[in-house]
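Here is how the chains run, residue by residue.
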Amino acid sequence: MQIKKLNNWIVKQKKKNLMNIKRVNLSSTEGWGINSFEIFNKKKKFFSIRPYKFRNQNKKVWYHPLIIQKEVGILGVIKQKINKIDHYLLQAKIEPGNIDNIQLSPTVQATKSNYLRAHGGKKTKYLKYFIKKKKEISVLTNLKLSEQGTRYFEKSNRNILVEVKNEKIEKNKNFIWLSKKDLTYLIKKKNLLNMDSISVFSSSIKKEKIDFPVNKFNEVIKKYKYFTKKLSVKKKQISFKEMRGWKNLDKKIYDIKKKFFSIICLQIEANSREVNNWAQPIISDHSWSFNGFLCKKINKTNHYLLRCVLEPGFKKPKFTSTVSIKNFSYSNKKNKYLNFFRKKNNVELDVTNSDEGGRFYKNETRNMIVFLKNQKKEKFPKNFIWVSHNQLVELINKNLLSIEARKLFACFNIDKIK
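Summarised in this report is the structure supplied together with it. This structure is a prediction, so every number in the text was calculated from the model and none was measured.

### A closer look at the overall build of the protein chain
Looking only at helices and strands, one finds 9 helices and 24 strands in the protein chain. The globule rule puts the C-alpha radius of gyration for 418 residues at 22 Å, and the 21 Å found for the protein chain is close to it. Seen along its three principal axes, the alpha-carbon backbone of the protein chain occupies a region of about 60 × 60 × 40 Å. Residues counted as buried form 59% of the 418 residues belonging to the protein chain. Of the side-chain charges in the protein chain, 93 are positive and 33 negative, and the distance between the mean point of each set is 4 Å.

Spelled out as structure tokens, the structure:
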């Protein structure tokens, strides 16, 4: 699609998809309840928010809530050749937490409660392509992948890319076919390509024909197993009043030092959703986040510096980006690895994307990739390791890569999707 035509379509969608949002008190949020131990949906659907006390292997203790959403949602994108060129069907979707109105979301972005219509609203468009087996549909990717382990309790979604052949797909309003060239352009547009769309594409990146890793894959897995035994986070559900360092007000729940986030509640009216009126709690970060990869070209192969961490929402560790800092303005800016990202000559990618706006309120992340030019060996802690492009793809296939790292990898390799 011509860039001018694409930009005009986006502008029209922003004007056409409207939402009216009003902050409300936690105790008076329609359809939701709050007690000492959780914020919950009265139909026992969608999600809840519960407070926890955490203690890690170093006996460090901290407190914050997690989103509990046991159902596995569907994040699905339809692919089809149009004039012999691969195209991907995305939708302009309005969410209460979106920055600048709409984001370009997957063809289907729905929790089980959504597509089973617990809200009593309209049917989820195109759902049949992801839940029914048909000869015309080739499943290119179908991976169950984790969400943010600092915000969710063991949450995952099924990331699916299907190719539909020999069937003309009717394009509904608010939907658009995009080529790889379009996606390469859109990934650089601030807060436009939805995090869930990027997640699906991260699960669909092809391996390189030439890939010479400096570390064997069994060494990467050996490091993972080592830290699986070494790292631990014990969780204990507590009451909201027991969360040390947090304020519980009727308008919001938040941590005083602003290291984590606030819980607020919204009353929403929308003109282009399955339901026109609803209320919900939502997570709001205190400041923007930073997410960065240090990279090197070694043996004609791109290598990424990964870090093994255990996030409180998961039982086992995952590999994540070299640097991943929530609420950057309130973090330790003396992190020595940040100096690499300040050298503009080394920057290969610098884009800003926001979190999915259904659970997160205007949370945005600056994503950067920096290539180290000199070949001298920097010393990194034991939980760091260099992995090649193809090894990163393997880690995604095994669900061993955090969503932050997957998103960053996809932003840099969006032209290599299946």
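### Considerations on helix H8 (residues 389-397)
Burial analysis of H8 places 7 of its 9 residues in the buried class, which makes it a mostly covered element. Listed as buried for H8 are His389, Asn390, Gln391, Leu392, Val393, Leu395 and Ile396.

### As for helix H9 (residues 403-412)
Along H9, 9 of the 10 residues are buried, which leaves the element largely enclosed by surrounding structure. Within H9, the full set of buried residues consists of Ile403, Glu404, Ala405, Arg406, Lys407, Leu408, Phe409, Ala410 and Cys411.

### Focus: the side chain of Asp182
The residue Asp182 is located in helix H4 (residues 180-186) in this model. Of the side chains with opposite charge, Lys181 lies nearest to the buried Asp182, which makes no salt bridge, at 7.2 Å. For Asp182, the contacting residues outside a window of four places in its chain are Met1, Leu6 and Trp177.

### Section: the side chain of Ser203
Topologically, Ser203 is positioned in the loop between helix H5 (195-202) and helix H6 (217-230). Filtering out sequence-adjacent residues up to four positions away, Ser203 remains in contact with Thr141, Leu143, Leu145, Asn159 and Ile396.

### A word on the packing of aromatic side chains
Enumeration according to the criterion identifies 22 aromatic pairs in this entry. Judged by centre distance (6.1 Å) and plane angle (20 degrees), the rings of Trp246 and Phe260 are stacked. Of this pair, Trp246 sits in strand S14 (residues 246-248) while Phe260 sits in the loop between strand S15 (252-255) and strand S16 (261-270), placing them 14 residues apart in sequence. With centroids separated by 5.7 Å and ring planes inclined at 70 degrees, the aromatic side chains of Trp246 and Phe261 adopt a geometry described as edge-to-face.

### A word on the pattern of salt bridges
Throughout the structure, instances matching the rule amount to 13 salt bridges. A salt bridge links Lys14 to Asp100; the shortest N-O distance between them is 2.7 Å. Residue Lys14 is located in helix H1 (residues 3-16), and its partner Asp100 is located in the loop between strand S7 (85-94) and strand S8 (102-105); the two are separated by 86 residues in the primary sequence. Across the pair Glu348 and Lys373 runs a salt bridge, and its minimum N-O distance is 3.8 Å. Of this pair, Glu348 sits in strand S22 (residues 347-354) while Lys373 sits in the loop between strand S23 (364-371) and strand S24 (384-388); the two residues are 25 residues apart in sequence, bridging distant segments of the chain.

### Points about the pairing of S7
Residues in a regular strand project their side chains so that they alternate between the two faces of the sheet. For S7, the buried fraction is high: 9 of the 10 residues fall into the buried class. Direction of pairing for strand S6 (residues 73-82) relative to S7: antiparallel, over a ladder of 5 bridges. If you follow Lys79 over to S7, its bridge partner there is Tyr88. What sits between the antiparallel neighbours S6 and S7 is a turn of 2 residues, in which Asn83 has the positive phi angle 55 degrees. Here 5 bridges tie S7 to strand S12 (residues 175-179), and the two strands are oriented antiparallel to one another. Its bridge partner lying in S12, Tyr88 is registered against Leu178. As paired strands, S7 and S8 are joined by 4 bridges and run antiparallel to one another. Note on S8: the bridge partner recorded for Lys93 is Gln103.

### Brief notes about the pairing of strand S19 (residues 301-309)
Buried residues dominate S19, accounting for 9 of its 9 residues. Taking every second residue as pointing to the same face, both faces of S19 are buried, with Thr301, His303, Leu305, Arg307 and Val309 on one and Asn302, Tyr304, Leu306 and Cys308 on the other. Examined bridge by bridge, strand S18 (residues 289-298) and S19 share 4 bridges and lie antiparallel to one another. Across the sheet, the residue bridging to Cys295 is Tyr304, located in S19. Between the antiparallel neighbours S18 and S19 lie 2 residues, among them Asn299 with a positive phi of about 55 degrees. Pairing of S19 with S24 involves 5 bridges; the strand directions are antiparallel. Looking at the pairing, His303 lines up with Ser388 of S24. Judged from the 3 bridges that link them, S19 and strand S20 (residues 318-320) form a sheet pairing that is antiparallel. Within the sheet, the bridge partner assigned to Arg307 lies in S20 and is Thr320.

Thresholds, definitions, all that
Residues numbered from 1 in each chain as written. Predicted model: local features only at pLDDT ≥ 70, side-chain atom pairs only at ≥ 80, totals over all residues. Heavy atoms only, no water. Helix = DSSP H or I, 4+ residues; strand = E, 2+ residues; numbered from the N terminus. Rg over C-alpha atoms; globule rule 2.2 N^0.38 Å. Buried < 20%, exposed > 50% of the residue type's maximum accessible area, 1.4 Å probe, protein only. Lys, Arg positive; Asp, Glu negative; His and termini not counted. Charge placed at Lys NZ, Arg CZ, Asp CG, Glu CD. Salt bridge = Lys/Arg side-chain N within 4 Å of Asp/Glu carboxyl O. Contact = heavy atoms within 4.5 Å. Phe/Tyr/Trp six-rings, centres within 6.5 Å; stacked < 30°, edge-to-face > 60°. Pairing = 2+ DSSP bridges.

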